[in-house]
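The residues making up each chain are set out below.
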Amino acid sequence: AYCSGDECLSDCSDHGHTLGTMKENTKTEEFDVEVAIIGNGPAAIFLSMLLSGYIPYFSGKHPDPLLTSKLNENPNQSLLEQDFQYLSEGLEGRSKNPVALLFDTLFHPNADLGEDNLSTLRWTKDESAACSHIVIGTEQPGGQWHIMEKSILTLSLDSWLELPMYTFKEWKKMKGKSIIDERLSTPFFPKKHYADKIRAAAGDAAEYYIAYVEKMGLKSNFMNGMLVHHVEKSKVKSTPPVTTKNTLHSHEEESHKDFNNTDSCVDKGVVCPTFNGCSQWKIKAKRVKPEVYKTQVQVDSTSENVVIKARNLVLACGLGAPSKLGVPGEDLPYVMDFLQFQERIEHIKSLRQPVAVIGAGMSGAD
């Protein structure tokens, strides 16, 4: 989501880690871009692909006849220019977000039913639709996948973790990796389906996302090993923004109104405005020492400062602060959230003591 106020910045500030002492450094690099993305996990990688000019279209046929009929109403129009709410009506999935629901349905048709259908998305690249952007993360591309135990197998099939135009199977073939023979045996998948379905190891997923960024030519947009320690919103003199051809929503008329309001240009849903005015975000970051990332994020005081100025800011830094139950005892030392559990998993397993999991979502199942 786009940020239009300071209240949404707190989730990225520590992400469960403690910041080290910041020391001033004489070397400072400055960048000026249309979009800054904080976080470099799969969502940020996918957004970088879109901002690099890759545009999705419907291929023409989907197992759902109603969805096929809706999409064929505008066969030559990019999905980014269509009404996600209308297209996602009646669809079911793990997300209530119409964008995520629609793309999941089109990218992996009937995957929840155990079917292995080809994607119904067709991609083109239009250099004129590309936006200047920077993706900032403390880890390599893939985010939290890099701090998980590498041998842990995901509940999801490996194909469910892949991003468009470069499959997990293609990556494994390129790497010459042997596929972990961990077949699904679950009543949710009929026998005729699950024989060829493979679960992914977390370490493979982490490597895949690094390879994806290189394969798709996105590497130059990624600033890895950097910790954002300051974000502010500044007011600058405004001129009427000019929208580009491809936007998530068409707000051309609205974008020319109230352009002196510092919030208006960010909130209109415009993906890639090209202008010198409106709100401007200032992001400061420093390089972190990766060897201590799992226990405490420390800033490398010998490294450069980075200052990024951006017209749009996207937070893609993961789940943020965990939910609290609001009950006595949840602050005891042996009560932890999922990320803390991942970091201590080997120690916890060595204790051979029972573990109670509160919450029955994907993290609880993992």
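Up top is the structure.
The following paragraphs examine the structure supplied in this document. Please read these numbers as outputs of a predicted model, since none were measured by experiment. (Residues numbered from 1 in each chain as written. Predicted model: local features only at pLDDT ≥ 70, side-chain atom pairs only at ≥ 80, totals over all residues. Heavy atoms only, no water.)

**Overview of the overall build of the protein chain**
Logical step 1: Secondary structure assignment for the protein chain yields 13 helices and ten strands.
Logical step 2: A burial count over the protein chain gives 44% of its 366 residues as buried.
Logical step 3: Taking the intrachain contacts of the protein chain between residues at least 6 apart in sequence as the baseline, contacts between residues at least 24 apart amount to 75%.
Logical step 4: Only carbon and sulfur atoms are counted for the fraction: they give 51% of the accessible area of the protein chain, which is about 20300 Å². (Helix = DSSP H or I, 4+ residues; strand = E, 2+ residues; numbered from the N terminus. Buried < 20%, exposed > 50% of the residue type's maximum accessible area, 1.4 Å probe, protein only. Contact = heavy atoms within 4.5 Å. Areas by Shrake-Rupley, 256 points an atom, 1.4 Å probe, with all protein chains shown as cover.)

**Topic: the packing of aromatic side chains**
Logical step 1: This structure, assessed with the given rule, holds ten aromatic pairs.
Logical step 2: Relative to Y212, the ring of Y208 has its centre 6.1 Å away and its plane inclined at 50°; by these criteria the two rings are tilted. Separated by four residues within a single helix, Y208 and Y212 lie in helix α8 (residues 202-215), roughly one turn from each other.
Logical step 3: Taking the relative accessible area as the measure of exposure, Y212 reaches 0% and is therefore buried.
Logical step 4: An aromatic cluster is built from W145, Y166, F168, W171, Y208, Y209 and Y212, whose rings are joined through pairwise contacts.
Logical step 5: One residue, K70, lies across the ring of Y86, its end atom 4.8 Å from the ring centre. (Phe/Tyr/Trp six-rings, centres within 6.5 Å; stacked < 30°, edge-to-face > 60°. Lys NZ or Arg CZ within 6 Å of the ring centre and 35° of its normal.)

**A closer look at a nonpolar patch on the surface**
Logical step 1: A cluster of nonpolar side chains, namely L325, V327 and I358, defines an oily patch on the protein surface of about 310 Å² accessible area.
Logical step 2: Along the chain, I358 turns up in the loop between α12 (345-351) and α13 (362-365). (Patch = residues over 30% accessible without salt bridge, like charges linked within 9 Å, V, L, I, M, F, W, Y side chains within 5 Å. Salt bridge = Lys/Arg side-chain N within 4 Å of Asp/Glu carboxyl O.)

**Description of the sheet that holds strand β9 (residues 280-287)**
Logical step 1: Spatially, six strands are ordered β7-β4-β1-β10-β9-β8 in an open sheet, and the strand pairing comes out mixed. At either margin of the open sheet sits one strand with a lone partner, and together these are β7 (222-224) and β8 (226-234). When the angles between neighbouring strand axes are averaged without regard to direction, this sheet yields 35°.
Logical step 2: Alignment of strand β1 (residues 28-38) against strand β10 (residues 305-315), held across ten bridges, turns out to be parallel. In the strand pairing of β10, I37 is matched with V314.
Logical step 3: In the packing of helix α2 (residues 42-51) onto the sheet, contacts are made with β1, β4 (133-137), β7 and β10, and the angle to β1 comes to roughly 95°. (Pairing = 2+ DSSP bridges. Axes fitted to C-alpha atoms, helices over the stretch in contact; angles between N-to-C directions.)

Just distances and angles here, no functional claims.
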